[in-house]
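Spelled out, the chains give:
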Amino acid sequence: MSENLPKVAVVLGGGGIKPYSAIPLISFLQEQNIQVDLLVGCSGGSIMSALWSYGYTPDQMLNDVAPRLKKSTFKTNWKALLAVGNLPFGRMDKHNALIHAGPIRKVMKDLWGDTRLEDLKTKTIIQVTDFETGEGIGLESGLLADCVYASSAIFPLLPPLKMGERYLFDGAFTAPVPILQAIRHNVDIIIVVDFLEKVQTDPKGLFDNLVHTGKLNAKTIGASQMALSIDINHAEIIYIKVVFEHFISFWEIDKFPEILNAGQIAMDKVKDEILLVYNHLQKKMSEEAGR
């Protein structure tokens with residue numbers, strides 16, 4: 001890489017399948033020949049980061065990967081469901097959640113095989129949370145399929161994954177938009193993508209209330225970490241907010257036109273800013289190198 005090019009990091013936050021709305025950003029950066037030096041992903045954003053770094057094109061992400069996310073992939077674990085009602089034979093713990101992990105892990109295995117995180121084309125960091133201690137961790141090595149599953153295993157829907165001596169699960173519990181992982185790597189530009197839904201004011205039922213409280217928690221953590229990042233970081237931060245009017249389930253691939261449209265609307269608002277910042281820094285670095 002030329003020393004006169006700004007170092008660029010892209011941070012993709014969590015949000016189920018909503019991070020597929022980052023496809024317009026990926027296409028834009030590739031069309032503009034803007035090289036990305038670091039990818040950081042959390043939960044659904046870890047899936048997109050891994051696909052991108054592995055080498056899947058935007059068209060492949062949409063036409064080959066997305067159709068694998070079928071409703072039948074998300075199989076109910078009746079043992080855990082019985083535990084919700086405190087019924088006999090019910091069990092919910094770090095080994096048992098409301099959805100069986102097997103089919104989802106198979107999809108991820110099919111996508112990435114035995115590829116390791118540290119061997120990806122672009123350096124990639126996957127945000128996870130230690131289930132037993134609550135510690136946030138940025139994974140930089142390990143089987144890619146395992147790292148991505150752990151980052152997106154939102155409990156109590158999906159069980160944590162044991163990796164080494166730790167049980168790891170959804171990174172959104174500690175850093176829903178893990179910008180601090182990018183700051184540690186001394187880049188020049190950080191493009192942050194946050195996938196947001198409008199919060200229900202009066203949720204009903206177990207699932208809606210879990211989603212509601214999760215959103216509130218993620219919003220609070222994300223805002224505090226973003227503020228901290230601005231205070232301690234020298235890099236230019238470009239914040240992209242992709243907004244959705246309502247909740248979208250993991251398997252609702254029929255909503256992909258809506259998802260991509262939301263991403264394109266958000267991109268149209270910031271693409272000039274991205275080019276302005278990138279070109280300004282590139283010119284500045286070239287001038288400094290010529291002195």
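Calculation notes
Residues numbered from 1 in each chain as written. Predicted model: local features only at pLDDT ≥ 70, side-chain atom pairs only at ≥ 80, totals over all residues. Heavy atoms only, no water. Phe/Tyr/Trp six-rings, centres within 6.5 Å; stacked < 30°, edge-to-face > 60°. Helix = DSSP H or I, 4+ residues; strand = E, 2+ residues; numbered from the N terminus. Buried < 20%, exposed > 50% of the residue type's maximum accessible area, 1.4 Å probe, protein only. Lys NZ or Arg CZ within 6 Å of the ring centre and 35° of its normal. Salt bridge = Lys/Arg side-chain N within 4 Å of Asp/Glu carboxyl O. 1 Å grid on protein atoms, 1.4 Å probe; cavity = no way out; pocket = protein on both sides within 12 Å on 5 of 7 lines; lining within 4 Å. Points joined across faces, edges and corners; volume = space filled by probe spheres on them. Nonpolar A, V, L, I, M, F, W, Y, C, P; charged D, E, K, R; others polar. Pairing = 2+ DSSP bridges. Axes fitted to C-alpha atoms, helices over the stretch in contact; angles between N-to-C directions. Parallel < 35°, antiparallel > 145°, perpendicular 65-115°, else oblique. Left-handed = near helix turned anticlockwise from the far one by under 90°. Contact = heavy atoms within 4.5 Å.

A. Up close: the packing of aromatic side chains. Throughout the structure, instances matching the rule amount to 5 aromatic pairs. Aromatic pair Tyr20 and Phe256: ring centres 4.9 Å apart, planes at 80°, arrangement edge-to-face. Separated by 236 residues along the polypeptide, Tyr20 in the loop between strand S1 (8–12) and helix H1 (23–31) and Phe256 in helix H9 (residues 256–289) bring together distant segments of the chain. As far as the burial class goes, Tyr20 and Phe256 line up, both buried. Ring plane angle 25° and centroid distance 5.4 Å describe the contact between Tyr54 and Tyr56, whose orientation is recorded as stacked. Each member of the aromatic cluster is reached from another via a ring pair, and the members are Phe131, Phe155, Phe169 and Phe173. Positioned over the ring face of Tyr149 is Arg105, at 5.7 Å from the centre of the ring.

B. Representation of the pattern of salt bridges in the model. Using the criterion set out here, one finds 11 salt bridges in the structure. Measuring nitrogen to oxygen at the nearest pair gives 2.8 Å for the salt bridge that ties Asp146 to Arg105. Of this pair, Asp146 sits in helix H6 (residues 144–152) while Arg105 sits in helix H5 (residues 102–112), and the two are 41 residues apart along the sequence. With a shortest N-O distance of 3.0 Å, Asp110 and Lys106 are connected by a salt bridge. In this pair, Asp110 and Lys106 both sit in helix H5, 4 residues apart, roughly one turn of the helix. Each of Lys123, Glu140 and Arg184 takes part in one network of salt bridges that share partners.

C. Seen up close, the layout of surface pockets. Counted as a void, the second largest pocket has a volume near 200 Å³. Lining the second largest pocket are 13 residues; nearest its centre among them are Gln30, Ile34, Val36, Trp52 and Thr122. Those elements giving two or more residues to the lining of the second largest pocket turn out to be H1 and helix H2 (44–54). When the residues that make up the lining of the second largest pocket are grouped by side-chain class, the tally is 6 nonpolar, 6 polar and 1 charged.

D. How the structure looks around the pairing of strand S3 (residues 123–130). Among the 8 residues in S3, 7 count as buried, and that is most of the element. Judged from the 5 bridges that link them, strand S2 (residues 38–42) and S3 form a sheet pairing that is parallel. Note on S3: the bridge partner recorded for Cys42 is Gln127. Judged from the 4 bridges that link them, S3 and strand S4 (residues 136–139) form a sheet pairing that is antiparallel. Bridge assignment links Ile126 to a residue of S4, and that residue is Leu139. Linking S3 back to S4 in an antiparallel pair, the connection comprises 5 residues, with Gly134 at a positive phi of about 80°. In this structure, S3 lies alongside strand S6 (residues 166–170), joined through 3 bridges in antiparallel fashion. Bridging from a neighbouring strand, Asp130 pairs with Leu168 of S6.

E. Local environment of the packing of H5 against H6. For the pair H5 and H6, the least separation of the axes is 9 Å and the interaxial angle reads 140°. It follows that H5 is oblique to H6 by the angle criterion. The handedness of the crossing between H5 and H6 comes out as right-handed. For the pair H5 and H6, the contacting residues are Ile104, Arg105, Met108, Lys109 and Trp112 in the first and Leu144, Ala145, Asp146, Val148, Tyr149 and Ser152 in the second. The residue inventory of the contact of H5 with H6, partitioned by class, reads 7 nonpolar, 1 polar and 3 charged.

F. Highlighting empty space enclosed by the protein. Per the stated rule, a full pass over the model turns up 1 cavity of 30 Å³ or more. The volume enclosed by the largest cavity comes to roughly 40 Å³. In this structure, the largest cavity is lined by Ser21, Ala22, Leu25, Val193, Ile240, Val242, Gly263, Ala266 and Met267. Contributions of two or more residues to the lining of the largest cavity are made by strand S8 (236–244) and H9. Take the lining of the largest cavity: its biggest share by element is 3 residues, from H9. Residue composition of the lining of the largest cavity, grouped by class: 7 nonpolar, 2 polar and no charged.

G. Here's a closer look at the pairing of S6. Along S6, 4 of the 5 residues are buried, which leaves the element largely enclosed by surrounding structure. Sheet analysis places strand S5 (residues 161–163) next to S6, joined by 3 bridges and oriented antiparallel. By the bridge assignment, Lys162 is partnered in S6 with Tyr167.

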